[in-house]
Amino acid sequence: MRRPQFAAVLVALAMALVACSGAPAPTGPSDLSDATVRALGFGNDWNWKQQVTPLELGVTHTQYSLDPDEPTEARQRGEGILANNGAIWQNIHLMGFGTLNPEPAPGEFDWSSLDERMQLVKETGGRTVLTLCCSPDWMKGGQPGQTDWSELETAPEPAHFDDFAALAAQAVQRYPQIERVLVWNELKGFYDSDKNRWDYEGYTELYNKVYTAVKAVRPNVEIGGPYVVLTSLDPGSPDSSDVRGPWGVADQRALDVVDYWLANNVGADFVAVDGATATRNETLAEPADAAARKFADLTTWIRARTQLPVWWAEFYPDVPSDQQGGATSQASAASTLAVLAAYAQSGVSGALLWGPQGSDLGFSALWTDSTQADGGRPTPLTAPWQWLVPRLEAGHVAIGHSPTLPVLAFRAPDGMLVVNLTEDPVNLSEGDPLPPWAVLLSQRAP
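Quick look at the structure, then. (Residues numbered from 1 in each chain as written. Predicted model: local features only at pLDDT ≥ 70, side-chain atom pairs only at ≥ 80, totals over all residues. Heavy atoms only, no water.)

### Concerning the overall build of the protein
The condition that has to hold: Helix numbers and strand numbers start at the N terminus; a helix is a DSSP run of H or I with at least 4 residues, a strand a run of E with at least 2. The atom set for the radius of gyration is the C-alpha atoms, and the globule formula is 2.2 Å times the number of residues raised to the power 0.38. Residue contacts are defined here by distance: any two heavy atoms, one from each residue, within 4.5 Å place the two residues in contact. Residue-level accessible areas treat just the shown protein chains as cover; the underlying method is Shrake-Rupley with a 1.4 Å probe. Lys and Arg are tallied as positive, Asp and Glu as negative. Neither His nor the chain termini are counted. The atom standing in for a charge is NZ when the residue is Lys, CZ when it is Arg, CG when it is Asp and CD when it is Glu.
Scanning the protein for helices and strands turns up 10 helices and 18 strands. What you see for the protein is a C-alpha radius of gyration of 22 Å, in line with the 22 Å of a compact globule of 446 residues. Counting only C-alpha atoms and orienting by the principal axes, one finds that the protein spans roughly 70 × 50 × 40 Å. Considering only contacts within the protein whose residues lie at least 6 apart along the sequence, 72% involve residues at least 24 apart. Within the structure as shown, the protein displays about 16,800 Å² of accessible surface, and the carbon and sulfur contribution to it stands at 47%. Distance between charge centres in the protein, computed from 29 positive and 54 negative side chains, equals 7 Å.

Structure follows, in structure tokens:
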């Protein structure tokens, strides 16, 4: 992957960070001043923890993501961000989320949209993940030659599991750049309403067929699952588990998927899961690191069951109800950084940011909507993310929490990021307060 020189990263970071809640886009530098460093007192009273294992960050391209028909200058700006430590891994779906039906009828293939996305990954210096979802209509009861996108999330019928596995094998043969695959997406179509639980038996049968077919043609491709949503519930909710924290309670039905899959898969190279910080009833713990602790607690739960690396295939850092989340939201950027800290502290090996191109989703992105002529520009998350990508990959980051203030810090040998985890200014004993959701950089070794 192409890497810029450290000085160039610092220049980009200084130009892109903002410290104002609700700012539409980065407007200027937010340096961590000497006075702020003294006031925060990064001493032994801080709770510091070195990251457990190298953490590789990436993105998942969705419906619109630097596509050839976007305005040229906007697309090129976005490509520049992506290539400049925007992602180690880039994830593409086999069908849907920006790609067309690859096998509209049995034996009739259309790889055109996948070709375009694969070329984007090559041109921006990424490593390739393929999510093996979703399936052509004829595999799930539809007519050959037709694509009903309203049925995208319908799972293939068991009689066509072998057909889907064969398609997966063809895809990894066609694209040698694929290094890793995720089997299916959030168990779409595998929920059994009558039993009030996931059909983990059916999913694992599909997974095993795909694993066997892909390994037969590309033994070096790493394969993982079960890609289940680890939902949070409010305490006292039905289906609650014993896994809980300030963020809520884990849904036992999702944990059962992980346990069954671990016990019954024919092989795996990593575990993949996803989730959000808010509960199903949209309860959100505050400050942001309390909400993000969910990801650390559930990673710890997984790591107690397996030595496989843990990947978060999707993650959704929610913001308080009185804050506006989204690509240009400083609150979303700070909340996302809190999740990255939880990952680093708990031993996550990989994490993929869903939708790096700004859209109407209420979560962070790395560039503004490049379907617009003035798009493709940095967001409040862009520069801190780019700063962290190579440092977390190298395993050189320590995570620190203040003993008295809602402040988070990432400390590397060559600098430090400080994050205000709340929507309120943080008053310090010296210097200016930390603005709401501020992200500040020290360009010197701490």
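Still more to cover.
### Section: the sheet that holds strand β10 (residues 240-245)
Hydrogen bonds along the backbone pair up the strands of a sheet, which may run parallel or antiparallel. Inclusion rule: In short, DSSP must find at least two bridges between two strands for them to pair. Angular values range over 0 to 180 degrees, each being the angle between N-to-C directions of two axes fitted as lines to C-alpha atoms, with helices fitted over their stretch in contact.
Taken in spatial order, the three strands make up an open sheet running β9-β11-β10, and their pairing is antiparallel. Looking at strand neighbours, the two that pair on one side only are β9 (232-233) and β10, the edges of this open sheet. Strand direction decides the pairing type here: β9 and strand β11 (residues 248-251), joined by two bridges, are antiparallel. By the bridge assignment, serine 232 is partnered in β11 with alanine 250. Running at roughly 45° to β11, helix α7 (residues 252-264) makes contact with β10 and β11 of the sheet. Sheet strands touched by helix α8 (residues 288-303): β9, β10 and β11. Its angle to β10, the strand with the most contacts, is close to 125°.

### Description of the side chain of serine 370
Condition: Residue burial is assigned from relative accessible area. The probe radius is 1.4 Å, only protein chains are included, and a residue is buried under 20% of its type maximum, exposed over 50%, and partly exposed in between.
On the secondary structure map, serine 370 appears in the loop between β14 (350-354) and α10 (382-394). With a relative accessible area of 0%, serine 370 lands in the buried category. Not counting residues up to four positions away in its chain, the partners in contact with serine 370 are Leu66, Glu70, Pro71, Ala74, Arg75, Gln357, Gly375 and Gly376.

### Concerning the state of the cysteines
Our working rule: To count as a disulfide, a pair of cysteine sulfur atoms needs to be within 2.5 Å.
Under the criterion given, the structure shown has one disulfide. The disulfide bridge from cysteine 133 ends at cysteine 134, spanning 2.4 Å between sulfur atoms. Taking the sign of the torsion about the S-S bond as the criterion, the disulfide between cysteine 133 and cysteine 134, at about 60°, is right-handed. On the basis of relative accessible area, cysteine 133 is assigned to the buried category, the value being 0%. With a relative accessible area of 0%, cysteine 134 lands in the buried category.

### Some words on the nonpolar core
For clarity, the cut-off: Working definition of a nonpolar core: buried Ala, Val, Leu, Ile, Met, Phe, Trp, Tyr and Cys residues. They are joined through side-chain atoms within 4.5 Å.
In this structure, Leu230, Tyr343 and Phe410 are the most contacted members of the largest nonpolar core, which totals 119 residues. In terms of residues, this core owes the most to one element, helix α9 (residues 330-346), which gives 11 residues. In contact with leucine 230, not counting residues within four places along its chain, are Ala254, Leu255, Val258, Val273, Asp274, Gly275, Lys294, Leu298, Ile302 and Trp312. Judged by nonpolar contacts, the second largest core, of 14 residues, contains Val407, Met416, Val418 and Leu428.

### Digging into the packing of aromatic side chains
The cut-off we apply is this: Aromatic rings from Phe, Tyr and Trp, with only the six-membered ring used for Trp, were paired whenever their centres fell within 6.5 Å, and each pair was classed as stacked if the ring planes differed by under 30 degrees, edge-to-face if by over 60, and tilted otherwise. Lysine and arginine charges are scored as sitting over a ring when NZ or CZ, respectively, is within 6 Å of the ring centre and within 35 degrees of the ring normal.
Under the counting rule described, the total for this entry stands at 22 aromatic pairs. Ring centres 6.5 Å apart and planes at 45° place the aromatic pair phenylalanine 161 and phenylalanine 190 in the tilted group. In this pair, phenylalanine 161 sits in helix α5 (residues 161-174) while phenylalanine 190 sits in the loop between β5 (178-183) and β6 (191-192), placing the two residues 29 residues apart along the sequence. Aromatic ring contacts, followed pair by pair, group Phe161, Phe164, Trp184, Phe190, Tyr203, Tyr207, Tyr211 and Trp261 into a single cluster. If you follow arginine 180 out to its NZ or CZ, it ends over the ring of phenylalanine 270, 4.4 Å from the centre.

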